[in-house]
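# Structural overview for review
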Amino acid sequence: MESTRGPPQVKNKAAAPVQISAEQLLREAVDRQDGAIQTPTQRFEDLEELKEYHGRKRREFEDYVRRNRVRLDNWLRYAQWELDQKEFARARSVFERALDVHPNNTQLWIRYVEAEIKGRNINHARNLLDRAVTRLPRVPSLWFKYLYVMEMLGDIPGTRQVFDRWMKWEPSEEAWSAYLRLEKRYGEYDRAREVFRAFTAVHPEPRTWLKWAKFEEEYGTSDLVREVFQTAIQTIAETLGDEAVDEKIFMAFAKYEARLREFDRARAIYKFGLDNLPRSRSMALHSQYTTFEKQFGDREGVEDVILTKRRRLYEEQVKENPKNYDTWFDFARLEEGGGDVDRVREIYERAIAQVPPTQEKRHWRRYIFLFLFYAIWEERETKDVERARQIYDTCLKLIPHKKFTFAKIWVAKAHFEIRQNQLTTARKTLGRAIGMCPKDKIFREYILLEQKLYEFERCRTLYEKHIMYNPANCQTWIKWAELERGLDDLDRTRAIFELAIGQPVLDMPEVVWKAYIDFEEEEGEYAKTRELYERLLERADHPKVWISYAQFEINIPDDEAADEDADEDRPVSDEAKARARRVFERAHKGMKDRELKAERVSLLNAWLAFEKTHGSDEDIDKIQGQMPRKTKKKRKLDDDSWEEYVDYVFPADDQQTKNLSNLLAMANAWKQTGGKITGGGAE
């Protein structure tokens, strides 16, 4: 029988008492290794054995390079072996063969040159370096090797010739710096300046000019340093553009002047840099300028720094959006605070040159204020009257008066001429405005001017023209009437009011009526006042008119009291109260007939207030008995929805109250008849 065996069973799964780590295994493996294998030393007994060895090794190297010519390591090991055997001619031959395969390999050229130098074959090394830089003129390491060899030999003129050859290829800044270090080591500062001129022509970056300025500061004079900085700013702007001008040049230039205690020069440099550099590329320059003014300047200098910063901010904003007139306002105000007249004029001229692109009045509203501020500034600050007059005239020529105009410009021009004692010119200006583009404000200002001059005939003429231009303007009628009343011409005043209330269209007719009524009342013409109220009620049956009418009746003095002092308190007569009640009753009856509930409530409230002041308790109760009660109702709207509103129910109109009163009357009659029903009914 065959027996089946399963996998071996591990009986003891506990950890071994001695644990071995991976680190321990690796350490033991290293300790058990044998020592490093050393190459056996060969000893040659005679010259023939040495030659045989040389031949065998050369055949091996030749086999290597024949099998793989492009592998540089084979050539280098071959040449190094020949050098070890002091076979310089053979090593040179190997290098030359390698250069035929790898003519552009920098490492091979360097090893070849170092081999010649080590073998003290200096002329060979120089020739090799000359060949190398001719073959690979863009490899700096070959040039530096060549220069090192020439300088170590003490051939300084030859070293300069090598540098000059290299500089014709316009190398990197490192090469130019090496040339400059050579000239400084041997004290040839004039030659170094010539190198710097060529250096900055090839690399006109700001850091190159800063190196030259530092050199002149160390070995030259202050005039040379200033010349370098000035040339740098001009050259960079011409060759690389204004965007390439760096704030570091201005900062270094200003710091140099500050070290020389030339603070005015330094301040001028800071200002020039801030004026010509955009704000985004001159933050550090402005910060340094602020520090400079705090250290060496006065209060005016610090304020000038802040002024310069804000000026540059406004310049950027107007450059981004030249039609933003609010920015121009702030800019001009800033310059006005600075006190520079030429700069203020420049800003205003630049601002008014930004004419609105369209002939829409909304685009011109802010623009015209530039002319107003400009002219006022010229008049007040510079006292240049002719220039201010030209500014006003220029503004008036620009505005398209056929489409729209601005009364404030005409008025400002007229006031300006008055301040210059040119009354005729001011009148011509306002007359021209009325003729070209009449407006209510122009009429009002012209009339006010003539009133101040006591030219009342001119005022009447202007009022007539104003009425012809805009007969619906109630204020014009009222002002004209007030003028005539002030001149004690009451008939003309009444005629003006009659013309006013007779106009078919008025913007505020109630104002004219009130002014007319107040005029007649103040003049003591109570009959005419009452007549005016009656005429007004024919046109406007409004609760306020009735209430005013009632108040008028109360305030009419009696004949006996008319001669007394008006300032003394006098009681209201019964006749006046009766007249006022008749007015209230007429008004209430009319509104009740027309079912004007809201107006009726207003009238009753005023009537109740009147009775509380002038009436008895019985009169008060009578009016309170007519006061309505509020009730909420619903009504259907056009969209089939319902809304809740407040309605007034008056006692006299309440049907439920009437029904209740009838029922109570019938009950009382039945009681008096002893329960008998009259009119053919049964007991």
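This section reports on the structure supplied with the text. These numbers come from a predicted model, not from an experiment.

This part is about the packing of helix H4 (residues 88-101) against helix H5 (residues 106-118). Each packed pair of helices is defined by two parameters, the angle between the axes and the distance between the axes. Relative to each other, H4 and H5 sit at 165 degrees, their axes nearing to 11 Å. As the angle between them shows, H4 and H5 are arranged roughly antiparallel. With respect to the hand of their crossing, H4 and H5 are arranged in left-handed fashion. Between H4, through Arg92, Phe95, Glu96, Ala98 and Leu99, and H5, the contact on the second element is made entirely by Leu108, Trp109, Arg111, Tyr112, Ala115 and Glu116. For the contact of H4 with H5, a count of residues per class yields seven nonpolar, no polar and four charged.

Here we come to helix H8 (residues 156-167). Its 12 residues give H8 an end-to-end C-alpha distance of 16 Å, which sits within 8% of 16 Å, the value for a rise of 1.5 Å per residue. Within the span of H8, buried status applies to Ile156, Gly158, Thr159, Arg160, Val162, Phe163, Trp166 and Met167. Close packing links the buried residues of H8 with helix H7 (140-152), helix H9 (173-185) and helix H10 (189-202). A distance of 3.0 Å separates the backbone nitrogen of Gly158 from a side-chain oxygen at the start of H8, and that oxygen is part of Asp155.

The next thing to look at is the pattern of salt bridges. For the coordinates displayed, the defined rule picks out 42 salt bridges. Residue Arg185 is joined to Glu151 by a salt bridge in which the shortest nitrogen-to-oxygen separation is 3.0 Å. Here Glu151 lies in helix H7 and Arg185 lies in helix H9, a separation of 34 residues in the sequence. For Glu151, a relative accessible area of 24% translates into the label partly exposed. Arg366 is the partner of Asp326 in a salt bridge, and the nearest nitrogen-oxygen pair spans 2.6 Å. Highlighted residues: Asp326 in helix H17 (residues 325-338) and Arg366 in the loop between helix H19 (361-364) and helix H20 (367-382), separated in sequence by 40 residues. For Arg366, a relative accessible area of 41% translates into the label partly exposed. Taken together, the shared-partner salt bridges connect Glu386, Arg389, Asp393, Lys413 and Glu417 into one network.

So, about the packing of aromatic side chains. All told, the structure shown has 33 aromatic pairs when counted by the stated rule. Between the aromatic rings of Tyr314 and Phe331, the centroid separation amounts to 5.7 Å while the plane-to-plane angle is 35 degrees, which identifies the pairing as tilted. Here Tyr314 is found in helix H16 (residues 299-320), whereas its partner Phe331 is found in helix H17, with 17 residues between them in sequence. Looking at Phe331, the relative accessible area reads 0%, which means it is buried. These aromatic residues form a ring-pair network of at least three members: Trp176, Tyr189, Phe196, Phe199, Trp209, Trp212, Phe215 and Tyr219. The aromatic ring of Phe406 is capped on one face by Lys361, whose charged end is 5.1 Å from the ring centroid.

Remark: H10 packs on helix H11 (residues 206-219), axes separated minimally by 10 Å, with the N-to-C direction vectors making an angle of 165 degrees. Accordingly, the angle class assigned to the pair H10 and H11 is roughly antiparallel. Considering the relative orientation of H10 and H11, their crossing is left-handed. Within the contact between the two elements, H10 uses Tyr189, Ala192, Arg193, Phe196, Arg197, Phe199 and Thr200 and H11 uses Thr208, Trp209, Lys211, Trp212, Phe215, Glu216 and Tyr219. Its residues placed into classes, the contact of H10 with H11 shows eight nonpolar, two polar and four charged.

Here we take up the nonpolar core. Formed by 94 residues in total, the largest nonpolar core has its most connected members in Trp328, Leu370, Ile399, Ile409 and Trp546. Setting aside residues no more than four positions away along its own chain, Trp546 makes contact with Leu537, Asp541, Val583, Arg586, Ala587, Met591 and Leu603. If you look at the next biggest cluster of nonpolar residues, it comprises 74 residues, including Phe61, Leu108, Val139 and Phe215.

Criteria and cut-off values
- Residues numbered from 1 in each chain as written.
- Predicted model: local features only at pLDDT ≥ 70, side-chain atom pairs only at ≥ 80, totals over all residues.
- Heavy atoms only, no water.
- Axes fitted to C-alpha atoms, helices over the stretch in contact; angles between N-to-C directions.
- Helix = DSSP H or I, 4+ residues; strand = E, 2+ residues; numbered from the N terminus.
- Parallel < 35°, antiparallel > 145°, perpendicular 65-115°, else oblique.
- Left-handed = near helix turned anticlockwise from the far one by under 90°.
- Contact = heavy atoms within 4.5 Å.
- Nonpolar A, V, L, I, M, F, W, Y, C, P; charged D, E, K, R; others polar.
- Expected span 1.5 Å × (residues − 1).
- Buried < 20%, exposed > 50% of the residue type's maximum accessible area, 1.4 Å probe, protein only.
- Polar contact = N/O pair within 3.5 Å; in protein donor to acceptor, adjacent residues only side chain to side chain.
- Salt bridge = Lys/Arg side-chain N within 4 Å of Asp/Glu carboxyl O.
- Phe/Tyr/Trp six-rings, centres within 6.5 Å; stacked < 30°, edge-to-face > 60°.
- Lys NZ or Arg CZ within 6 Å of the ring centre and 35° of its normal.
- Core = buried A, V, L, I, M, F, W, Y, C linked by side-chain atoms within 4.5 Å.

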